[in-house]
Amino acid sequence: MSTLLEVEHLKVRFRSMGALRALMRRVKDPYIDAVCDVSFRIGRGETLGLVGESGSGKSTIARALMGLIPSHGGSMRFDGTELRGLSQRAYKPVRRDMAMMFQDPVGSLSPRLTVRSLITEPFRIHGVRDRDMDAETRRLLEMVGLPAGFAQRFPHQLSGGQARRVGVARALALDPRLVIADEPTAGLDVSIQGEVMNLLAELQDRLGIGMVVITHNLNVVRHISDQMAVMYLGRFVEQGPTEEVFHRPRHPYTEVLLSANPEPDPDAKLHRVEARGDIPSLAHRPTGCEFHTRCPRARDYCREVAPALSSAAPDHTYTCHFPLEADAKERRLEA
Amino acid sequence: MTHPAAAPTRPEAPRDAAAPLLDVRHLSLDFTSPRGRIHALRDISMTVPRGRIVGVVGESGSGKSTLAYAVIRLLAENARVVGGEIVMDGRDLLTLSPREMRGIRGRRMSMIFQDPMTSLNRVMSIGQQMIDIQYRDPISKAEKRKRAVEALRRVGIPDPEDRVNGYPHQFSGGMRQRICIAMAMMVEPALLLADEPTTALDATTEVQIIGLLERLQAEIGCSILFVSHHLGTVAELCHDVVVLYAGEVVEQGSVRDIFHNPGHPYTQALLDCDPGRIKEKTRRLPTIPGVVPSLVGDQVPTGCIFKTRCPHAFDRCDHEVPPSYAVVSGEVAPDAPHTARCHLRDAAEERRP
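A quick note: this is a predicted structure, and the numbers were derived from the prediction, not measured. (Residues numbered from 1 in each chain as written. Chains lettered and ligands numbered in written order. Predicted model: local features only at pLDDT ≥ 70, side-chain atom pairs only at ≥ 80, totals over all residues. Heavy atoms only, no water.)

Q: Quick one: what's the story with the interface of chain B and chain A, residue by residue and with numbers?
A: Opposite the 38 residues of chain B that make contact, chain A presents 38 residues. The junction of chain B with chain A conceals about 3,500 Å² of combined surface from both sides, 48% of it contributed by carbon and sulfur atoms. For the chain B face of the interface with chain A, the top three residues by lost area are Thr204, Lys281 and Arg283 of chain B, together amounting to 20%. At the junction of chain B and chain A, the tally comes to 2 salt bridges. Residues Asp205 of chain A and Arg283 of chain B are paired through a salt bridge, measuring 2.9 Å at the closest nitrogen-oxygen approach. Summed over the shared surface of chain B and chain A, the result is 18 residue pairs in polar contact (both at pLDDT 80 or more). Looking at the side of chain B that touches chain A, the elements with two or more residues in it are helix 7 (203-220), helix 8 (231-237) and helix 9 (255-260) of chain B. Partitioned by chemical class, the residues of the side of chain B that touches chain A number 14 nonpolar, 13 polar and 11 charged. (Contact = heavy atoms within 4.5 Å. Buried area = accessible area lost by both parts, 1.4 Å probe. Salt bridge = Lys/Arg side-chain N within 4 Å of Asp/Glu carboxyl O. Polar contact = N/O pair within 3.5 Å; in protein donor to acceptor, adjacent residues only side chain to side chain. Helix = DSSP H or I, 4+ residues; strand = E, 2+ residues; numbered from the N terminus. Nonpolar A, V, L, I, M, F, W, Y, C, P; charged D, E, K, R; others polar.)

And the structure:
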C-alpha cells in the first residue's frame, strides 16, 4: 500500500499568554503543547480513527494538516511533499487533494448560500472553470444520495443528516485523495449515523480515498477505521490496528475509554474501569506518565518517570509502564 | 380507550404507593407556526411510578424533550396543550395557575438540562446561585451556604468549601453538570426531569454522571424521567422505557422488555441500527430508510404513524390507528406492563409473527 500521508513527530503549540504578561510573570515558555510528538501514516483507501476526550488535540491535528493553524515541529508529508513551512499560497493546491469535513453539519454551511452554491464553491475557490456547474451539482447530489431538487434549498431547510451529506459532497467535489472528517456523526441520531458512515465507506471503496476520522464515538471508529490512535493530552498513548486495539488494549486509558461505552443491553455485565477526576490542564501537565493522575493502575514509579514507546506488535504501540496483559480483556469477558 | 385509573372525580392527593407519581393521560400538544399547527405530541399516555427511572427515547423531533417540558410547564410561547392531563399528587398540573406551578417547581419536581453551561448563570458564583434557589426556606444565609456545600460534596465536587465560591467557567463540563444535579437534588424532589443530561459530555464523564444519578436516586428515592437518544445510557440507567416516534408513544415497558423483546418494528429498527450492538466489524450498518413524516396541519399520516418506514406495513396500518396491545397476550390493554402500538401484536391478526 503506497503511503499517502506520513506524519512524524508533529507538534502544535498555542500561545497561552501575551508576550508582556509572560515577561512580567517571568514565564520563559508561554506556550501550551496541544499536539505533541504525533506520528502516523495513512495509505490509499485506508482509514485512521482518532479518538480521545474533548481537548485531547484531535481536531488540532486536523487543522494543522489542512494548514489552518501553524505547526511547530516534526514533518507532514502528503504524497511525498512536505507540508510544513508551505505558504498559504502554496497550500491552496494541497487542499484540492486533501479535503476537510468540519464538525457541526449545519453550522459549517454558510446560511445564505443555496446547496448548489455550497457544493460548487470548491470549484470556484480552486478556479475550475471548465466544468458545467449544473451537471456537477447533479453529479454530487446523486453521489451523496440527495434528490436533485435540494440544489435550491438553504441550510436551514435541511435536517442534520442532509446537511452532513452536503458537507460530504463539498469535501468530495474536487476528487480529493484524502478526506479528514471531524466528528462526522456527532449530533446525529443513530439511524442517521449509520447512513453517513455507510456513505463514507461506500465512497471510500469506490474512490480509494484515504480518510482520517476524528470522533469520540468508539462505535463509529470500530466500523469505519483500519487503524486507530488514542489521544490523551495531545499525545498518542496507544496506536494500532482497530480490531487489535479493541480486543487487546494495552494502555489503561484505552481500556477506560472502551469500558465507558454503555452497552445497549440492560443485562450486559460491564466490568467498568473508571478514570478518576478530570483531564488535567495542558498548561500544567502531570509529571512522569501524564495519565497517572487518573489511572486506576498508577504506581509511584509512574509519577516520576515518563514511559517510553513500547510495541505489542510491530504496528501496535503504546506508552505505559504497566500495560494490560494481552489476554486481560478476554479474561474479563469470560468472568 | 378507557383508562381505569381515571376515576370520574379524583380524590385529593391519593398517596398510596400503587398510584404512579406522574400520570400523563392522552396528552396532545401543538405548536403554532406560520406553516400551520405542528402536532408535536399526540395522545401521549405514560406513567412514572414512584422510585423508578423512566427513560424516554426517540430520534430528534420525536417530541421527547417537549414531553419533559410539558410536565414542568416550561413550554415555548407557541405551545398549546390541546388535550389530556398530567396528574401528579392527584392534581392535573395543566389546570394549575402559574403561581401554583411555581410552588411545585424546585420542590416536588426539578430539572436538569443538556447544556450545563447555559443553565448556570455565568456572572454569579456557584454558591450565590445555590443560595438563591433556597429563597423559600426561612433559614440564615450561612445555613443555606452550608447546605450548598453539602449538596456539592454529595455530587462529588472536590473541596466544596472552596469551590462553592467558583464561577461556572472555572469548572469542566462534567463538574458543571454535577453542580446542576446538586442544585436540582438539593430539595430532594419527588420527580427529577433530566433532558439529555449526558449528551454534551465525553463518554468517560457520561458514565460518571450516570453513576451519580443512579446513586442519588437510590439515596433520595425519587423518580426520574430521563430523556435521551442514547440507547446504551438508557439500558444502563433506566428501569422502564417509553419509545416515542413522531410525537406518539409506540411502545413502553420495562427496560428488559424493550431491549430483549421489542414489540414494535420501530423499536426493533432503532435497536438494530445502534452500532454499539453490532459486534462484528461491518462496512454496511443497518439504517431506517425513509424520513419522519411531517407533523404540520393535516399532513400527519392516517393510521399507524410508522407505516411509511415500516418493513412490515400492510393494508390495516393504512387506515386504522393501532391501539396499545399487550405484547404478551395480544389483547388491547393500555395498562399492561409491556405494550406496543402495532397491529402485528394483535392476537386476532393472522400475520402475527
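Q: Describe the packing of aromatic side chains, listing the residues and the values that go with them.
A: Both the distance between ring centres and the angle between the ring planes are used here to describe each pair of aromatic rings. Applying the stated rule across the entire model yields 9 aromatic pairs over all chains. Aromatic pair Tyr232 of chain A and Phe291 of chain A: ring centres 5.1 Å apart, planes at 85°, arrangement edge-to-face. Pair noted here: Tyr232 of chain A is in strand 9 (residues 227-232) and Phe291 of chain A is in the loop between helix 10 (252-259) and helix 11 (300-304), with a separation of 59 residues, a long-range link. Relative to Phe322 of chain A, the ring of Tyr301 of chain A has its centre 6.5 Å away and its plane inclined at 70°; by these criteria the two rings are edge-to-face. Taken together, the residues Tyr301 of chain A in helix 11 and Phe322 of chain A in the loop between strand 12 (316-318) and helix 12 (328-334) connect sequence positions 21 residues apart. Three or more aromatic residues joined by ring pairs make a cluster, and in this case those are Tyr232, Tyr253 and Phe291 of chain A. When the ring centre of Phe322 of chain A is taken as origin, the NZ or CZ atom of Arg299 of chain A, which lies over that ring, is 3.7 Å away. The aromatic ring of Phe171 of chain B is capped on one face by Arg163 of chain B, whose charged end is 4.3 Å from the ring centroid. (Phe/Tyr/Trp six-rings, centres within 6.5 Å; stacked < 30°, edge-to-face > 60°. Lys NZ or Arg CZ within 6 Å of the ring centre and 35° of its normal.)

Q: Tell me about the side chain of Asn261 of chain A, and name the residues and values.
A: Assignment of secondary structure puts Asn261 of chain A in the loop between helix 10 and helix 11. With a relative accessible area of 17%, Asn261 of chain A lands in the buried category. (Buried < 20%, exposed > 50% of the residue type's maximum accessible area, 1.4 Å probe, protein only.)

Q: Residue-level account of the confidence of the model for chain B, with values.
A: Chain-level statistics for chain B give a pLDDT mean of 90 and a share of 94% at 70 or above. In this model residues 1-15 of chain B is a low-confidence stretch, pLDDT under 50, and it forms 27 contacts with partners more than four residues away in sequence or in other chains. (pLDDT = per-residue confidence, 0-100.)

Q: Could you give an account of the sheet that holds strand 1 (residues 3-15) of chain A, naming the residues involved and the relevant values?
A: All names here are of chain A. Reading across the sheet, the 4 strands line up as 2-1-4-5 and stay open at both edges, with antiparallel pairing between neighbours. The open sheet has two edge strands with one neighbour each: strand 2 (31-43) and strand 5 (81-82). Both strand 1 and strand 2 contribute to a ladder of 9 bridges, which runs antiparallel. If you follow Glu6 over to strand 2, its bridge partner there is Arg41. (Pairing = 2+ DSSP bridges.)

Q: Tell me about unusual backbone geometry, and please be specific about residues and values.
A: Residue and element names in this part refer to chain A. Of note in the backbone geometry, His9 takes a positive phi value of approximately 50° without being a glycine. Along the chain, His9 turns up in strand 1. One non-glycine residue, Arg26, lies in positive phi territory at about 55°. Tracing the backbone through its elements, the reader meets Arg26 in the loop between helix 1 (19-24) and strand 2. A residue is classified by how much of its surface remains accessible, and Arg26, at 74% relative accessible area, is exposed.

Q: Just give me the short version of the pattern of salt bridges, but keep the residues and values in it.
A: Residues and elements named next belong to chain A. Scanning all chains against the criterion turns up 41 salt bridges over all chains. The salt bridge involving Arg165 is made with Glu195; its shortest N-O contact spans 2.8 Å. Taken together, the residues Arg165 in helix 6 (residues 160-172) and Glu195 in helix 7 (residues 190-207) connect sequence positions 30 residues apart. Judged by its relative accessible area of 13%, Arg165 is buried.

Q: With reference to specific residues and values, describe the pairing of strand 9 of chain A.
A: Residues and elements named next belong to chain A. In terms of burial, strand 9 is largely enclosed, as 5 of its 6 residues are buried. Pairing geometry for strand 3 (residues 47-51) and strand 9, over 4 bridges, is parallel. In the sheet register, Gly49 faces strand 9, and the bridge partner there is Met228. In the sheet, strand 9 pairs with strand 10 (residues 235-241) via 6 bridges, with the strands oriented antiparallel.

Q: Please set out the sheet that holds strand 9 (residues 240-245) of chain B residue by residue, giving values where relevant.
A: Residue and element names in this part refer to chain B. One open sheet accounts for 8 strands, arranged 6-7-8-3-9-10-12-11; its pairing is mixed. The strands lining the two open edges of the sheet, one partner per strand, are strand 6 (109-112) and strand 11 (325-326). The pairing of strand 3 (residues 53-57) with strand 8 (residues 223-227) spans 4 bridges and is parallel. Each residue of the ladder has a partner; that of Val56, found in strand 8, is Val227. On top of the sheet, helix 7 reaches strand 3, strand 6, strand 7 (191-195) and strand 8; it is set at about 155° to strand 8, its chief contact. (Axes fitted to C-alpha atoms, helices over the stretch in contact; angles between N-to-C directions.)

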